[in-house]
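# Observations on the model geometry
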Amino acid sequence: MIAPDQIDALRDAVGDGGLQEHAPVDLDGLTAALTLSPADGEGLSRTLAVLRNCGLAVAVRGSGSYAGVGNPPIGLDAFLSTGRLVGIEEFDASEGVCHVQSGTPLRDVRDALAGSGWELPLDPPGRDSTVGGCIAAASVGPRALGLPCDQVLGLTVSLTSGERVRCGGRVVKNVTGYDLNKLYSGSFGSLGVIESAWLRLRAVPERSASCEIQRSDAAGACLAAIAAARCVSRRVAAIATNGADGWRVVVELAGDAPTVERDLAWLRDEYGASDTAQEAIEQIRDLQLEVPAPLGLRFRLGALPSRLESTLVELRAGGASLLAYPGLQLVYASFSLDASPDEADVEAIFHNVKSVAHSAGGGYVCEAAPTSVKAGRDMFGDLGASAAIVRALKQRFDPTGVLNPGRFAGRN
Ligand SMILES: Cc1cc2nc3c(=O)[nH]c(=O)nc-3n(C[C@H](O)[C@H](O)[C@H](O)COP(=O)(O)OP(=O)(O)OC[C@H]3O[C@@H](n4cnc5c(N)ncnc54)[C@H](O)[C@@H]3O)c2cc1C
């Protein structure tokens, strides 16, 4: 329970209209009835300092579309929303970069760039994502050409010490020392709160085209998908289970017209690709977010292209419906659960995913699971030797556990 004097201190720190009391909201079994929404970086860093001094814990929230990610929190006194940290601070069309506040919905950035000849290379699967949420969750969707950290040139981050730190800047050459952008990206708001970001943009393609390839065998589907992923103009290369035993490869090519035409002709000749509507990409996006009803699990695994076929075959044998992006070396596996799942069945799925991920050359994250299943498990899998480093970083950046305590890997 937050004491009245602590509420007063938070109200002063967060600024006018930034403290909202509301009905209790659940987050993986814990509830909070307070949301803090600072309107600027100063307000954010002041609020974090007060939270730390008061020994309070928050769940950091962008649009909240992926709020359920991670382990159950070990503390929750309030939500810290970036809902008022919105706006495009700068857009430099000559350099192809923009500086955006972290709570800004990606769709607003896309709208602002429309007609400028530039587009945003961030593409999380969710349509409501904020810039900060996408970067913090290392979230990738069908049109992502790499991880969000590859598109981040610079970040301003507020720490629970009350410090505001800048890493990187508008152009790459500003980076000195450790590239801390890479540390904050994908840390799920467990080390600091992203205030704003300098983002690299990409030129709007002259031409884009989408096609698809059907296969009845995993080997043939993986060959086609990996070939498509290696096309110069590839923007999307996805492979997904299709019905009982089929496979569907969906491709989008984008770039200068001659290159797109050449790649398209090659995929037609070599793999029998047929033209398809752009909606096919949105179907892939929906598939990525799918969690089987009434209850289900969704995992994200890393898989080397050379291990893609065996990874898909093993997971499918384990009952998973699958989606993979060979170009990003990512596989998404969804498993349905009974309404009241048997613990042994759940454990068998986690065990299977862990061993498949190991043979695939990567790790796994359980992106979606019922709270009951999360108990006693780490949704980020086994950290192994890096557990101590992860713990030490949390201890250094957020020693009192203000930010999303217990949610990140290793229950940090
Ligand atoms: C139903 C649904 C399920 C989804 N499932 C997935 C999924 O499994 N995998 C996936 O990649 N995407 C998923 N998404 C897509 C989701 O939209 C993206 O991950 C998106 O990038 C999250 O952005 P957000 O603003 O909604 O962040 P939120 O959901 O609010 O937060 C996501 C994570 O980032 C942290 N965070 C948010 N803002 C900041 C900040 N400024 N500084 C530091 N940390 C911050 C939060 O604490 C949280 O850990 C899902 C979307 C929906 C609608």
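For the structure given in this document, a descriptive report is provided here. (Residues numbered from 1 in each chain as written. Predicted model: local features only at pLDDT ≥ 70, side-chain atom pairs only at ≥ 80, totals over all residues. Heavy atoms only, no water.)

### A short note on the overall build of the chain
- For the chain, the count of helices and strands is twelve helices and 19 strands.
- In terms of C-alpha radius of gyration, the chain reaches 22 Å, essentially the compact-globule figure of 22 Å for 412 residues.
- Overall size of the chain, expressed as C-alpha extent along the three principal axes, is 70 × 60 × 40 Å.
- Across the 412 residues that make up the chain, the buried fraction comes to 54%.
- Residue pairs at least 24 apart in sequence account for 70% of intrachain contacts in the chain once pairs closer than 6 positions are excluded.
- When the accessible surface of the chain is split by element, carbon and sulfur atoms take 52% of a total near 17100 Å².
- Positive and negative side-chain charges in the chain, numbering 37 and 49 respectively, have mean positions lying 3 Å apart. (Helix = DSSP H or I, 4+ residues; strand = E, 2+ residues; numbered from the N terminus. Rg over C-alpha atoms; globule rule 2.2 N^0.38 Å. Buried < 20%, exposed > 50% of the residue type's maximum accessible area, 1.4 Å probe, protein only. Contact = heavy atoms within 4.5 Å. Areas by Shrake-Rupley, 256 points an atom, 1.4 Å probe, with all protein chains shown as cover. Lys, Arg positive; Asp, Glu negative; His and termini not counted. Charge placed at Lys NZ, Arg CZ, Asp CG, Glu CD.)

### Some words on the sheet that holds strand S10 (residues 193-200)
- What the five strands build is an open sheet, ordered S5-S6-S10-S8-S9; its pairing is antiparallel. One side of each edge strand has no neighbouring strand; the edge strands of this open sheet are strand S5 (88-92) and strand S9 (164-168). Adjacent strand axes in the sheet meet at a mean angle of 10°, parallel and antiparallel pairs treated alike.
- Across four bridges, S5 lies against strand S6 (residues 97-101) in antiparallel orientation. (Pairing = 2+ DSSP bridges. Axes fitted to C-alpha atoms, helices over the stretch in contact; angles between N-to-C directions.)

### Notes on the nonpolar core
- Phe 299, Leu 301 and Leu 315 are the most contacted members of the largest nonpolar core, which has 58 residues in total.
- Element by element, the count of residues in this core is highest for helix H6 (residues 218-229), at nine residues.
- Among the domains, domain 1 (4-82 + 398-411) and domain 3 (207-374) are the pair contributing at least three residues each to this core.
- Apart from the residues within four sequence positions on either side, Phe 299 is in contact with Val 331, Tyr 332, Ala 333, Phe 335, Ile 349, Phe 350, Val 353, Tyr 364, Val 365, Cys 366 and Glu 367.
- If you look at the next biggest cluster of nonpolar residues, it comprises 23 residues, including Val 100, Leu 191, Leu 201 and Phe 397. (Core = buried A, V, L, I, M, F, W, Y, C linked by side-chain atoms within 4.5 Å. Domains from an automatic or database assignment.)

### Remarks on the pairing of S6
- Most of S6 sits out of view: five of its five residues are buried.
- Burial along S6 is two-sided: Val 97, His 99 and Gln 101 facing one way and Cys 98 and Val 100 facing the other are all buried.
- Taken together, S5 and the strand that follows it, S6, pair antiparallel across an intervening segment of four residues, in which Gly 96 is found at a positive phi of about 70°.
- Relative to S10, S6 runs antiparallel, the two sharing five bridges. Bridging across to S10, Val 97 finds its partner in Arg 200.

### Some thoughts on the pairing of strand S8 (residues 152-158)
- Burial analysis of S8 places seven of its seven residues in the buried class, which makes it a mostly covered element.
- Pairing of S8 with S9 involves five bridges; the strand directions are antiparallel. Bridge pairing in S9 places Val 157 opposite Val 165.
- Two successive antiparallel strands, S8 and S9, enclose a turn made up of five residues, where Gly 162 displays a positive phi of approximately 95°.

### Some words on the packing of helix H9 (residues 308-317) against helix H10 (residues 343-360)
- Closest axis-to-axis distance for the H9/H10 pair is 9 Å, and the angle between their directions is 170°. With respect to H10, the axis of H9 lies roughly antiparallel. Residues Thr 311, Glu 314 and Leu 315 of H9 touch H10, and the partners they reach there are Asn 352, Val 353, Val 356 and Ala 360.
- Looking at the contact of H9 with H10 residue by residue, the class counts come to four nonpolar, two polar and one charged. (Parallel < 35°, antiparallel > 145°, perpendicular 65-115°, else oblique. Nonpolar A, V, L, I, M, F, W, Y, C, P; charged D, E, K, R; others polar.)

### What to know about the packing of aromatic side chains
- Evaluation of the coordinates by the stated rule reveals ten aromatic pairs.
- Judged by centre distance (5.7 Å) and plane angle (75°), the rings of Trp 266 and Tyr 271 are edge-to-face.
- Here Phe 299 and Phe 350 contribute two aromatic rings whose centre-to-centre distance is 5.0 Å and whose plane-to-plane angle is 75°, an arrangement assigned as edge-to-face. Of this pair, Phe 299 sits in strand S16 (residues 295-302) while Phe 350 sits in helix H10; the two residues are 51 residues apart in sequence, bridging distant segments of the chain.
- Judged by relative accessible area, Phe 299 falls into the buried class, the value being 0%.
- Three or more aromatic residues joined by ring pairs make a cluster, and in this case those are Tyr 66, Phe 188, Phe 380 and Phe 408.
- The residue whose ring lies beneath Arg 316 is Trp 247, and the NZ or CZ to ring-centre distance is 4.8 Å.
- Across the ring face of Phe 350, the terminal group of Arg 377 is positioned such that the distance to the ring centre comes to 4.8 Å. (Phe/Tyr/Trp six-rings, centres within 6.5 Å; stacked < 30°, edge-to-face > 60°. Lys NZ or Arg CZ within 6 Å of the ring centre and 35° of its normal.)

### Let's talk about the site of the ligand
- By nearness alone, 30 residues border the ligand, and Ser 63, Ser 65, Tyr 66, Thr 130 and Arg 298 come closest of all.
- A distance of 2.5 Å is found between an oxygen atom of the ligand and a side-chain nitrogen or oxygen belonging to Ser 63.
- Within the side chain of Thr 130, an N or O atom sits 2.6 Å from an oxygen atom of the ligand.
- Protein chains shield 89% of the accessible area of the ligand, which is 950 Å² for the free molecule.
- Applying the majority rule of atoms within 2 Å of the grid points places the ligand in the second largest pocket.
- Elements that contribute at least two residues to the shell around the ligand include exactly strand S3 (58-61), helix H4 (131-136) and S10.
- Of the residues that constitute the shell around the ligand, the class distribution is twelve nonpolar, 15 polar and three charged. (Near = heavy atom within 4 Å. Polar contact = N/O pair within 3.5 Å; in protein donor to acceptor, adjacent residues only side chain to side chain. 1 Å grid on protein atoms, 1.4 Å probe; cavity = no way out; pocket = protein on both sides within 12 Å on 5 of 7 lines; lining within 4 Å. Sits in = over half its atoms within 2 Å of the grid points.)

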